[in-house]
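The lines below spell out each chain.
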Amino acid sequence: MPLPETMFCAQQIKIPPELPDILKQFTKAAIRTQPRDVLQWAAAYFSALSKGEPLPVKERIEMPLATEKTDAGLTPGLLKILHKQLSPKGMVNVAELKEKWKHLCLPEEQLKAILQLDDFGEEVEWMKVLALGCSVLGGSLLSSMKHACEILTRDPEGGAARVPFETFSFLYSYLASIDGEMPEEKTEAFLHRIKEQADQQTGMVLLRNFLTQPSTLF
């Protein structure tokens, strides 16, 4: 015989005072991030929250372009999440990278294709993975650098997207070497021109410094 259902009055039910805000923030985060697998993403969200780690949450909703597929995979917003989570480590274990990638419900095949672009071992330099991720998003070298600057900058969205010349130079040189079609002297000449401008801007590179360069030359 089933036990009678226990009835509680409102005075007997104690709701943890922090619960409403936790659920509110979680709901807002889910709406901003739009994960393909809500349960998988939620597990990663609360795991990071409990450990005090950067949350797998986009800063804003990304509206897909009309030409994009709904299952396109990596986006600037998701790559920025990975950067916040992994950049403090510098060198990242591939197993951890795969775990973070999975938490964002990204296709495993896409990460595999990215890692195959270079001769990585069990550990990878995060900034190189970031650069390769930007190349997937960008399609061209300068477009890739635009994505990188917008992810790395501390400027507000829509601003100059400034980054230190040293960072810009490292990413540009790396992507140019991976591409393999640009002569080294051409890369050096381009970076020399960029440095001349950066030296007049407290060592910072702005988007306009390279997006206005003649595409036939760079």
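For the structure, see preceding data.
Please read these numbers as outputs of a predicted model, since none were measured by experiment.

S.K.: It is not clear to me how the overall build of the protein chain should be interpreted in this structure. Could you clarify?
M.R.: Helix and strand counts for the protein chain stand at 10 helices and 4 strands. Along its sequence from the N terminus, the protein chain presents helices and strands in the succession α-α-α-β-α-α-β-α-α-β-α-α-β-α. The proportion of buried residues among the 218 residues of the protein chain is 37%. For the protein chain, long-range pairs separated by at least 24 residues make up 58% of all intrachain contacts whose partners lie at least 6 apart in sequence. Accessible area for the protein chain stands at about 13,700 Å²; split by element, carbon and sulfur atoms hold 56% of it.

S.K.: So what exactly am I meant to see when it comes to the side chain of lysine 58 here?
M.R.: Assignment of secondary structure puts lysine 58 in the loop between helix 2 (38-51) and helix 3 (76-86). A polar side-chain atom of lysine 58 sits 2.8 Å from a polar atom in the side chain of glutamate 62. Once you skip the residues sitting within four places of it in the chain, lysine 58 turns out to touch Arg32, Thr33, Thr75, Gly77, Leu78 and Ile81.

S.K.: In this structure, what is going on with the pattern of salt bridges? I would like to understand it.
M.R.: Pairs may arise between side chains of opposite charge once their charged atoms sit close together. One pass over the structure, following the stated rule, counts 10 salt bridges. Of the charged contacts in the structure, one is a salt bridge between glutamate 157 and arginine 60, with a shortest N-O distance of 2.7 Å. Here the residue glutamate 157 occupies a position in the loop between helix 7 (141-152) and strand 3 (163-164), and arginine 60 occupies one in the loop between helix 2 and helix 3, the gap between them amounting to 97 residues. The salt bridge partner of arginine 162 is aspartate 155, with a shortest N-O separation of 2.7 Å. The partly exposed category is assigned to arginine 162, whose relative accessible area is 39%. What emerges from the salt-bridge pattern is a single network uniting Glu59, Lys80 and Lys84.

S.K.: It is not clear to me how the packing of aromatic side chains should be interpreted in this structure. Could you clarify?
M.R.: Within this structure, the stated rule accounts for 9 aromatic pairs. Judged by centre distance (5.3 Å) and plane angle (65 degrees), the rings of phenylalanine 26 and tyrosine 45 are edge-to-face. One end of the pair, phenylalanine 26, is in helix 1 (residues 19-33); the other, tyrosine 45, is in helix 2, with 19 residues separating them in the sequence. Residues phenylalanine 26 and tyrosine 45 agree in their burial class; the two are buried. When the centroid spacing of 6.1 Å and the interplanar angle of 10 degrees are considered together, the rings of phenylalanine 168 and tyrosine 172 count as stacked.

S.K.: Would you explain the state of the cysteines in this entry?
M.R.: Such a bond, covalent and formed between the sulfur atoms of two cysteines, is termed a disulfide. For the structure shown, the criterion picks out 0 disulfides. Of all cysteine sulfurs in the structure, the one in cysteine 149 sits closest to cysteine 134, which takes part in no disulfide; the separation is 8.7 Å. Note on cysteine 134: relative accessible area 0%, which makes it buried. By relative accessible area, which is 1% here, cysteine 149 ends up buried.

S.K.: It is not clear to me how the packing of helix 3 against helix 7 should be interpreted in this structure. Could you clarify?
M.R.: Between two packed helices, the angle of one axis relative to the other and the distance separating the axes together describe the packing. The N-to-C vectors of helix 3 and helix 7 enclose an angle of 55 degrees; their axes lie 10 Å apart at closest approach. Our classification of the angle between helix 3 and helix 7 gives oblique. Considering the relative orientation of helix 3 and helix 7, their crossing is right-handed. From helix 3, Pro76, Leu79, Lys80 and His83 reach across to helix 7, where they touch His147, Glu150, Ile151 and Leu152. Considering only residue class, the contact of helix 3 with helix 7 consists of 4 nonpolar, 2 polar and 2 charged.

S.K.: Would you explain helix 3 in this entry?
M.R.: One turn of an α-helix holds 3.6 residues; hence residues three or four places apart share an orientation. A large share of helix 3 lies buried, amounting to 9 of its 11 residues. Looking at helix 3, one finds that the buried residues are Gly77, Leu78, Leu79, Lys80, Ile81, Leu82, His83, Gln85 and Leu86. Residues of helix 3 that are buried make contact with strand 1 (91-93), helix 4 (94-103), helix 6 (126-138) and helix 7.

How each quantity is defined
Residues numbered from 1 in each chain as written. Predicted model: local features only at pLDDT ≥ 70, side-chain atom pairs only at ≥ 80, totals over all residues. Heavy atoms only, no water. Helix = DSSP H or I, 4+ residues; strand = E, 2+ residues; numbered from the N terminus. Buried < 20%, exposed > 50% of the residue type's maximum accessible area, 1.4 Å probe, protein only. Contact = heavy atoms within 4.5 Å. Areas by Shrake-Rupley, 256 points an atom, 1.4 Å probe, with all protein chains shown as cover. Polar contact = N/O pair within 3.5 Å; in protein donor to acceptor, adjacent residues only side chain to side chain. Salt bridge = Lys/Arg side-chain N within 4 Å of Asp/Glu carboxyl O. Phe/Tyr/Trp six-rings, centres within 6.5 Å; stacked < 30°, edge-to-face > 60°. Disulfide = S-S within 2.5 Å. Axes fitted to C-alpha atoms, helices over the stretch in contact; angles between N-to-C directions. Parallel < 35°, antiparallel > 145°, perpendicular 65-115°, else oblique. Left-handed = near helix turned anticlockwise from the far one by under 90°. Nonpolar A, V, L, I, M, F, W, Y, C, P; charged D, E, K, R; others polar.

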